[in-house]
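What follows is the residue order along each chain.
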Amino acid sequence: MRRLRNVKIVATLGPVSNDYDMIRALHEAGADVFRLNMSHGTHDEIRERYRIIREIERDLDSTIGILADLQGPKLRVGTFLRGSEELKEGAAFRLDLDESEGDSARVCLPHPEIFAALEPGSDLLINDGKIRLRVEDCSPDFAACSVITGGTISNRKGVNVPDVVLPLAALSDKDHDDLEFVCDLGVDWLALSFVQRPEDVIEARKLVDGRAAVLSKIEKPSAVKCFDEILAVSDGIMVARGDLGVELPVQNVPPIQKRLVRRCRAVAKPVIVATQMLESMIESPMPTRAEVSDVATAIYEGADAIMLSAESAAGHYPVEAVTTMNNVAVEVESDPTYREVIEASRRAERHTIADGIVAAAREIAETTDIKVICCYTESGTTALLTARERPRVPIIAMTSLRGTARRLALTWGTNCIMTGELHRFKQAVVNAARAARINGYAGTEDQIVVTAGVPFNVPGTTNILRVAPCDESLIFASDPE
């Protein structure tokens, strides 16, 4: 299904988007990738959503990516005798390992690893940062705190520890079970929550064992500090602004977002900007102007994808939310300023033959009357490198591997078309010209750029570029062999 935009849209599935008709409507409205949130839903429910997506993919002859998002280690307080308590600023409050129900003076925090890492002066944030506690004294089994910002604390509210790298296992027992389940199911991307260090990603990659691409969610200050190392061992990145905005001052998030997007672009790895993009559309059929500007900003920055969470999973207007995001993207990308910003932020990366080939393909396409760049790719790398260039013309990624096509559904500007295995470059050119014509990217009188690697079907061998006519008779006339 050809889109009239380059940025991709990720839509989270949930209670309101749980059947064939709704999921199909979301895809037709613009969703390129569906997110399965492993924090919600049983394995049977996730399996059924997966089955429906693949059925829609077959029915529409479309390529749809599926992203499974692991819950990650969740840190929560215990329960209260009265269900909740009001904490006053300046009051003392204690966190400990005592499993008895809490009161206005204390509550259980069943995470000894937190106490092991705390120091006096550390801050603890509860309930998405609405309550802030400062550690005055601590030991391996308690933390005596003062209330810096008060509020209502209730059963099992989440805890964030922004100042400390916690000695937590990268994957909980639930994450291990979910990882095996979704990888065996056949998802295309696996998102890791609360990544703190590159070792977290390396551990997950060993378990995934090539069954899915691994995407790291950046939502901890520690992950921002070692971002380049995390990026190096990840296949993609999600800028998860929810927890990031809790653990860091909110004014720090926009410049961090911009930096992370540019670093991902520089190394040709897809990056998603996520969280609260159209939050008001959970309840309203119309977004706020600020939300539209937020979506537009991510697109102007050159993000590969923008994501809906509760808007499409639990909101009242899921199709309208996807439609709004699609319309904003189309409008932004038609703005001449968009091209100026994208091209001004392009960084020259010329380390390999493949880098040179894709850069030349873009320059030829933009300085002559070329309609489309067709790149043959087995692993997806050539398509990623081509997308990094952010060309003005469409990109057709030709591949014989359905898994590669589905993973590329997350990558800026890629339009994936399946092709059989090839053994001769002339046939590759013919297939590319045919695909460009059939799918409306070019006419018989037009020209295209074709990139490929010879020998064929060997990942990482992009080494040839050809400007070719879309008229097959001219291809054969100029290359009779």
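Residues numbered from 1 in each chain as written. Predicted model: local features only at pLDDT ≥ 70, side-chain atom pairs only at ≥ 80, totals over all residues. Heavy atoms only, no water.

Asks: Outline the packing of aromatic side chains, supporting the account with residue identities and numerical values.
Replies: For any pair of aromatic rings, the description rests on two quantities: the centre-to-centre distance and the angle between the ring planes. Tallying each qualifying case throughout the model produces one aromatic pair. Judged by centre distance (6.2 Å) and plane angle (55°), the ring pair of Tyr 300 and Tyr 338 falls under tilted. Taken together, the residues span a long stretch of sequence, with Tyr 300 in helix H10 (residues 289–301) and Tyr 338 in helix H13 (residues 336–344) at a distance of 38 residues. Judged by its relative accessible area of 2%, Tyr 338 falls in the buried class. A cation over a ring is seen here: Arg 2 above Tyr 441, with NZ or CZ 4.0 Å from the ring centre. (Phe/Tyr/Trp six-rings, centres within 6.5 Å; stacked < 30°, edge-to-face > 60°. Helix = DSSP H or I, 4+ residues; strand = E, 2+ residues; numbered from the N terminus. Buried < 20%, exposed > 50% of the residue type's maximum accessible area, 1.4 Å probe, protein only. Lys NZ or Arg CZ within 6 Å of the ring centre and 35° of its normal.)

Asks: Describe the nonpolar core, listing the residues and the values that go with them.
Replies: Membership of the largest hydrophobic core comes to 80 residues, with the highest contact counts inside it found for Phe 34, Leu 190, Leu 192, Ile 299 and Ile 306. Contacts of Leu 190, omitting those with residues within four sequence positions, involve Leu 67, Ala 68, Leu 70, Leu 179, Val 182, Val 208, Ala 212, Ala 213, Val 214 and Leu 215. Grouped together as the second largest cluster of nonpolar side chains are 27 residues, Leu 75, Leu 124, Ile 126 and Leu 166 included. (Core = buried A, V, L, I, M, F, W, Y, C linked by side-chain atoms within 4.5 Å. Contact = heavy atoms within 4.5 Å.)

Asks: Describe in detail the sheet that holds strand E20 (residues 447–453), supporting the description with residues and values.
Replies: Strand order in the open sheet made by the five strands is E19-E18-E17-E20-E21, with mixed pairing throughout. Looking at the sheet topology across the chains shown, the edges are occupied by strand E19 (414–418) and strand E21 (462–469). The average angle at which neighbouring strand axes cross in this sheet is 25°, direction not considered. Bridge analysis of E20 against E21 gives seven bridges, and the strand direction is antiparallel. (Pairing = 2+ DSSP bridges. Axes fitted to C-alpha atoms, helices over the stretch in contact; angles between N-to-C directions.)

Asks: Describe in detail the side chain of Thr 451, supporting the description with residues and values.
Replies: Mapped onto the secondary structure, Thr 451 falls in strand E20. Residue classification places Thr 451 among the buried residues on the basis of a relative accessible area of 1%. Setting aside residues up to four positions removed in sequence, Thr 451 forms contacts with Ile 357, Ala 361, Cys 374, Cys 375, Tyr 376, Thr 382, Ile 464 and Leu 465.

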